[in-house]
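Fold and contact review
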Amino acid sequence: MSIKIAIAEDNARTRIAIVQKLAQDPSVQVCIEAGNGAELLEKMESQTIDLVLMDIEMPELNGIETTAHIAERYPYCKVIMLTTFDDDEKIFQSILAGASGYLLKDETGTELISYIQQTIAGGAAMSASIALKALNYIRAAEASKPKQAGQQPDCHLTPREIELLELLKDGLGYKQIGASLEISEGTVRKHLENIYRKLQVNNKVSAINAAMRNNWIS
């Protein structure tokens with residue numbers, strides 16, 4: 001039996017490239033192509049889809065939000081995130097939303113088809129580099145738990161934000177932190193904005209002091 005696939009990707013050239021990769025196997029049938037999450041959900045109302053290849057950054061409704069809708073409406077349908085983003089936070093959010101796998105767009109056609117078949121069979125599609133990031137995220141989450149028994153943080157810093165604060169405390173600059181965490185300098189600044197908002201501070205010294213007071217960093 002053929003595997004009915006939907007592709008949600010706002011870049012037309014990338015959609016074409018994905019379709020060409022899947023054309024290597026006649027058992028994989030692309031039934032829906034959509035440029036955003038809202039369009040995908042609308043088209044899925046009239047077709048039964050086995051698996052969705054989902055981009056993350058899309059207009060109107062992004063991939064993570066769309067995945068959550070699919071998990072609720074079509075629990076039988078698998079979702080594999082197929083994206084250029086390998087940020088730990090996005091990986092974790094995608095899995096929580098209901099994704100069965102997370103791959104980067106540079107996968108070959110053979111690899112992509114193999115991951116699709118594994119997912120349909122009940123497996124989880126995750127390339128080695130992504131799997132390692134997911135494990136590191138889990139380890140960071142465990143390490144970020146309060147060190148004093150019974151103490152719980154009164155705000156919700158993510159493991160990545162805790163890790164970033166540790167590096168900031170050690171005196172690293174934004175560029176060095178980005179290189180260490182394998183993210184852009186712009187992403188570092190965005191994380192810091194979120195930290196400042198959550199801790200209700202307006203500079204890195206205050207953020208570090210607040211985190212140390214609560215034993216989120218040593």
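Preceding block: the structure.
Report on the accompanying structure. (Residues numbered from 1 in each chain as written. Predicted model: local features only at pLDDT ≥ 70, side-chain atom pairs only at ≥ 80, totals over all residues. Heavy atoms only, no water.)

A separate point is the nonpolar core. When a protein is soluble and globular, its nonpolar side chains tend to lie buried together. Counting residues in hydrophobic clusters, the biggest one holds 25 residues, and the most contacted among them are L40, M44, V52, M54, I70 and M81. Every element with two or more residues in this core is listed here: β1 (3–8), β2 (28–34), α2 (37–44), β3 (51–54), α3 (63–73), β4 (78–83), α4 (88–97) and β5 (101–104). Sorting elements by how many residues they give to this core places α2 first, with three residues. Setting aside residues no more than four positions away along its own chain, V52 makes contact with A6, L40, M44, I70, C77, K78, V79 and I80. (Core = buried A, V, L, I, M, F, W, Y, C linked by side-chain atoms within 4.5 Å. Buried < 20%, exposed > 50% of the residue type's maximum accessible area, 1.4 Å probe, protein only. Helix = DSSP H or I, 4+ residues; strand = E, 2+ residues; numbered from the N terminus. Contact = heavy atoms within 4.5 Å.)

What follows deals with the pattern of salt bridges. If you walk through the whole model with that rule in mind, you get ten salt bridges. Of the charged contacts in the structure, one is a salt bridge between E39 and K43, with a shortest N-O distance of 3.0 Å. In this pair, E39 and K43 are both assigned in helix α2, four residues apart and thus about one turn of the helix distant. One salt bridge connects K190 with E193, and the closest N-O pair in it is separated by 3.8 Å. Taken as a pair, K190 and E193 lie in helix α9 (residues 185–199) at a separation of three residues, close to a single helical turn. By sharing partners, the salt bridges in this structure join E9, D55 and K105 into a single network. (Salt bridge = Lys/Arg side-chain N within 4 Å of Asp/Glu carboxyl O.)

Another aspect to go through is helix α5 (residues 109–120). Its twelve residues place the ends of α5 17 Å apart at the C-alpha level, agreeing with the 16 Å of an ideal helix rising 1.5 Å per residue. G109, L112, I113, Y115, I116 and T119 are the residues of α5 that are buried. Seen along its axis, α5 keeps its buried residues to an arc of 160 degrees; they face one direction. Just downstream of α5 lies G122, where phi reads positive at about 110 degrees. (Expected span 1.5 Å × (residues − 1). Arc of directions from axis to C-beta.)

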